[in-house]
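# Chain and residue survey
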Amino acid sequence: SLAIGEKALGREHPDVGKRLSNLAALYFEQRRYGEAEPLMKSSLAIAEKTLGPEHPTVGIRLSNLAELYDEQGRYGEAETLLNRALAIDEKVLGPEHPSTGIHLSNLSGLHWEEHKWDLAFAQARRATDIYVHQVRTQSSAAEKERTRDGSRREPAENRLAFQWLIKAAWPLSEEKPDRRAELNEAAFAAAQWANLSSAGAALVQMAARFAKGQGPLADRVRELQILNDEAAGLDRRLIAAVSSPPELRSPQDEQTLRTRLADIDGRLKDSNGRLEQDFPDYANLANPEPLSLAETQAILFPNEALIEFTFAGDDGFAWMVTKTDTPRWVRLANAGKAVPDEVQALRCGLDSAAWRGDGEARCKKLLSVTFTRQDADAGKPLPFNFNIAYDLYKSLFGEFEQLLPGKRLLIVPSGALTSLPLHVLITEKPVAALASSDANDRKASWLARSHALTTLPSVASLKALRRTEKSAAPQPYMAFGNPLLIGRDGQDRRAFDKQACPELNRPLSEPVAAVSEAINPAIFFDREPANVQAPLPETADELCAVARSLGATRDVVYLGARATEKMVKTLSADGKLGQARVVHFATHGLLARETVWFAKTHAEPALLLTPPEQASDEDDGLLMASEVAQLTLNADWVIMSACNTAAGEKQDAEALSGRLVPFSMPGPARCWSRIGMSIRNRQWR
């Protein structure tokens, strides 16, 4: 490609500069620094000559070359280049532009490596202030859309700057103890921004769905989206204007664009302020604001301890906040490297799916066992390693151990920890290494035995939960499950045989509808039809048993043909869903990335219900997270009983994913129930 460009366009054409830069990037990834450097220099020289020395593209090429020097330990040369790149963007795009924040973040990382903690912290603080300003003045939906062309970014996608702030704040707090409280506060907020995750994609869809509705909230969301779209267009035009050759640039046009952008930013800030004032619950869900340490302490109960984890490079950091104690902040040395392997090793002892494909080799290596995938498929007990569970407990909670007795733990995980149920950690040195028998299982000092654990998607979610009073809903229960699925061979009819709870007294208020023998899902599923998923007839037994224990009637247990997305929405619209104190879903759960295989829609988490014969916006068989956000709920508990509510096969799972929660059953049976967020809240977070 480079040779063609040089021959057809000439060696100094801007497109040739791009191709040089791309080839240099490949060499850089391969650590072939000697080959990458001359290509980067040539690419930079072409940009300087054809576009001018103060062009944003020149800033990008300077930053790339600086990164190469940084990798080689040539810090002085790297700093010179990064300072020049920063000066270009500050002058051309403005001191508050996200691209300026990128250069500041890179400088922070460079100064951290040089142990210049003060400089690293100050530059990371500037970078994060830029990103926070962006998310506070713009709606989530438009913000996500604009990240595609790089013109705007949101904090979840610029977590590196927040990580540099945390990494710099820690040694600086040891160097300057008088600033420890200030630095702790800044790092605690940065961790909350850094831990924002791909759950944001679901919030984007939520905003889009609300905007299609009617009423004051829909009007306000549409107003924000229009302003954001206008700002995005102006931003692209400004970058194009300043990227034009010098002879084509118009300073007057550029200033006009800057003035219009500043005006829209002001209108966005005002519109967001009115949205927060008039619709605080929506605003809190769409753009959650971090809590300060004092705010967190104020809403905790005396018997609670909130512990937040975040990972930055090789290290991890954790905060423990209680009602009355001075907040604790600790560094978890090398946790960023060790925790992912330890989590995966424990998952190998919890989930047979971890042994599939390449997982078998990794599990055998992590656990040093001869156990095989065939053993897992045959149902043999998985090799859960007690020693690893204990070591991980000590590395995560060891610094807080003396403060834990008597506390209910509110955990905000991140990274690999989002895919592990922390209940299975071991609090005392185990006698046996592996869980080889039920007796060993019963003797183990599981963390769940000594502490009640609640997993929160964010620190900010605690504030929303504490604003909610206990439900006054008059009905005990409503449930949805056992969707009509036919399996891969299309012949599995087990789900069709369990469409009601026969042991419950009261008859159904409406008959079970007849369902076509040959549902054709190809009209609305792109790749693999959803109804070829395995049927789940056991979920009917589960829901009927819970209904019986709660004294519910059979008409509130929606199974089979009644377990549809349309039914859920109808019950929400007429107020019946909001009359249940417990709402229970038992079906297949899909992570955001997995819906891509099924739905002609943007990827977001979903629950699979009975597929309709003809798909529509009202019912495509997938109850998406953004659709759940619009349901009218008044429940103390919302239970999602599905495989992927545990997000067990994925590292760094989404914040809207749940966890695998163990609980004991009366009698000899023991049960591991994959339950999602069972929280007392009027909005399903």
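One can find the structure itself at the top, above this paragraph.
Read on for an overview of the structure.

### Regarding the packing of aromatic side chains
- Under the defined criterion, the tally for this structure stands at 16 aromatic pairs.
- A centroid spacing of 5.2 Å and a plane angle of 20° characterise the contact between F480 and Y558, whose relative ring orientation is stacked. Separated by 78 residues along the polypeptide, F480 in strand β6 (residues 478-481) and Y558 in strand β7 (residues 557-559) bring together distant segments of the chain. Considered together, F480 and Y558 belong to a single accessibility category, that of buried residues.
- When the ring of F480 is compared with that of F585, the centres are 5.2 Å apart and the planes differ by 20°; the resulting orientation is stacked. Here F585 lies in strand β8 (residues 582-586) and F480 lies in strand β6, a separation of 105 residues in the sequence. F585 shares its class with F480; the two are buried.
- Between K167 and the ring centre of W112, over which it is positioned, the NZ or CZ distance is 3.9 Å.
- Sitting above the plane of the F496 ring, R493 keeps its charged end 3.5 Å from the centroid.

### Let's talk about helix α3 (residues 33-51)
- When the terminal C-alpha atoms of α3 are compared, their 26 Å separation across 19 residues agrees well with the 27 Å that a helix rising 1.5 Å per residue should span.
- Within α3 the residues assigned to the buried category are Y33, A36, E37, L39, M40, S43, L44, I46, A47 and L51.
- Elements that come into contact with the buried residues of α3 comprise α2 (14-29) and α4 (56-71).

### Brief notes about the state of the cysteines
- Summed over the entire model, instances satisfying the criterion amount to two disulfides.
- Here C348 connects covalently by a disulfide to C363, the sulfurs 2.0 Å from one another. Between C348 and C363 the sulfur-sulfur dihedral comes to about -80°; the bridge is accordingly left-handed. Of this pair, C348 sits in helix α16 (residues 335-348) while C363 sits in helix α17 (residues 359-367), and the two are 15 residues apart along the sequence.

### Here we look at the sheet that holds strand β1 (residues 304-312)
- The strand order β3-β2-β1-β4-β5 describes an open sheet built from five strands, whose pairing is mixed. The sheet terminates laterally at β3 (328-332) and β5 (453-455), the two strands that pair on one side only. Averaged over all pairs of adjacent strands, the angle between strand axes in this sheet comes to 20°, irrespective of strand direction.
- Relative to strand β2 (residues 315-322), β1 is paired through eight bridges, and the arrangement is antiparallel. Bridge pairing in β2 links A312 to D315.

### Points about the nonpolar core
- By size, the foremost hydrophobic cluster in this structure holds 87 residues, and its most contacted members are F121 and W319.
- Filtering out sequence-adjacent residues up to four positions away, W319 remains in contact with I166, N184, A187, F188, A191, L306, I307, E308, T310, R328, W329 and F400.
- Residues F311, V330, A389 and V424 belong to the second largest nonpolar core, which totals 47 residues.

### Section: the packing of α3 against α4
- One way to put it is that α3 packs onto α4 with a least axis distance of 9 Å and a crossing angle of 160°. Regarding the angle of α3 to α4, the classification is roughly antiparallel. Crossing geometry of α3 relative to α4 is assigned as left-handed. Counting all contacts with α3, which are made through Y33, A36, E37, M40, K41, S43, L44, A47, E48 and L51, the residues of α4 involved are T57, V58, R61, L62, N64, L65, L68, Y69 and E71.

### Examining the side chain of K167
- Looking at the element boundaries, K167 is found in helix α9 (residues 159-175).
- One buried charged side chain, K167, makes no salt bridge at all; its nearest oppositely charged neighbour is D315, positioned 6.0 Å away.
- Ignoring anything within four residues of it in the chain, the contact list for K167 reads W112, A312, G313 and F317.

### A short note on the sheet that holds strand β11 (residues 622-624)
- Spatially, β9-β10-β11 is the arrangement adopted by the three strands of the open sheet, whose pairing is antiparallel. Of all strands in the sheet, those with a lone pairing partner are β9 (589-590) and β11, marking the two edges.
- Relative to β11, strand β10 (residues 606-608) runs antiparallel, the two being bridged by three bridges. Each bridged residue has a counterpart across the sheet, and for L607 the counterpart in β11 is L623.

Here is what the cut-offs are and how they apply
- Each chain has its residues counted from 1, running along the sequence as written.
- Where totals are concerned, whole chains, interfaces and linings use all residues; where local detail is concerned, this predicted model gives features only for residues with pLDDT of at least 70, and gives and counts side-chain atom pairs only at 80 or more.
- Values shown for side chains rest on all heavy atoms present in the structure; no hydrogens or waters enter the calculation.
- Aromatic pairs are defined between Phe, Tyr and Trp rings, using the six-membered ring for Trp, whenever the two ring centres lie within 6.5 Å; interplanar angles under 30 degrees are classed as stacked, those over 60 as edge-to-face, and all others as tilted.
- Only DSSP runs of H or I with at least four residues qualify as helices, and only runs of E with at least two residues qualify as strands; both kinds are numbered from the N terminus onward.
- Each residue is assigned to one of three classes by its accessible area relative to the maximum for its type, calculated with a 1.4 Å probe on protein chains only: buried under 20%, partly exposed between the two thresholds, exposed over 50%.
- The rule for a charge over a ring is simple: NZ of Lys or CZ of Arg within 6 Å of the ring centre, and within 35 degrees of the ring normal.
- Take the number of residues in a helix, subtract one, and multiply by 1.5 Å to get its expected span.
- The contact criterion used is simple: two residues touch if any of their non-hydrogen atoms lie within 4.5 Å.
- Throughout, disulfides are identified as pairs of cysteine sulfur atoms within 2.5 Å of each other.
- Any two strands with at least two DSSP bridges between them are considered paired.
- The angle between two axes is taken between their N-to-C directions and runs from 0 to 180 degrees, where each axis is a line fitted to C-alpha atoms and a helix contributes only its stretch in contact.
- For our purposes a nonpolar core is just a set of buried Ala, Val, Leu, Ile, Met, Phe, Trp, Tyr and Cys residues, chained together by side-chain atoms within 4.5 Å.
- To sort the angles, those under 35 degrees are grouped as roughly parallel, those over 145 as roughly antiparallel, those from 65 to 115 as roughly perpendicular, and the leftovers as oblique.
- In this scheme, a crossing is called left-handed if the near helix is turned counterclockwise away from the far one by less than a right angle; it is called right-handed if the turn is clockwise.
- Under the counting rule used here, the positive set is Lys and Arg, the negative set is Asp and Glu, and His together with the chain ends is not counted.
- A carboxyl oxygen of Asp or Glu within 4 Å of a side-chain nitrogen of Lys or Arg is what we treat as a salt bridge.

The values are spatial; any link to function lies outside them.
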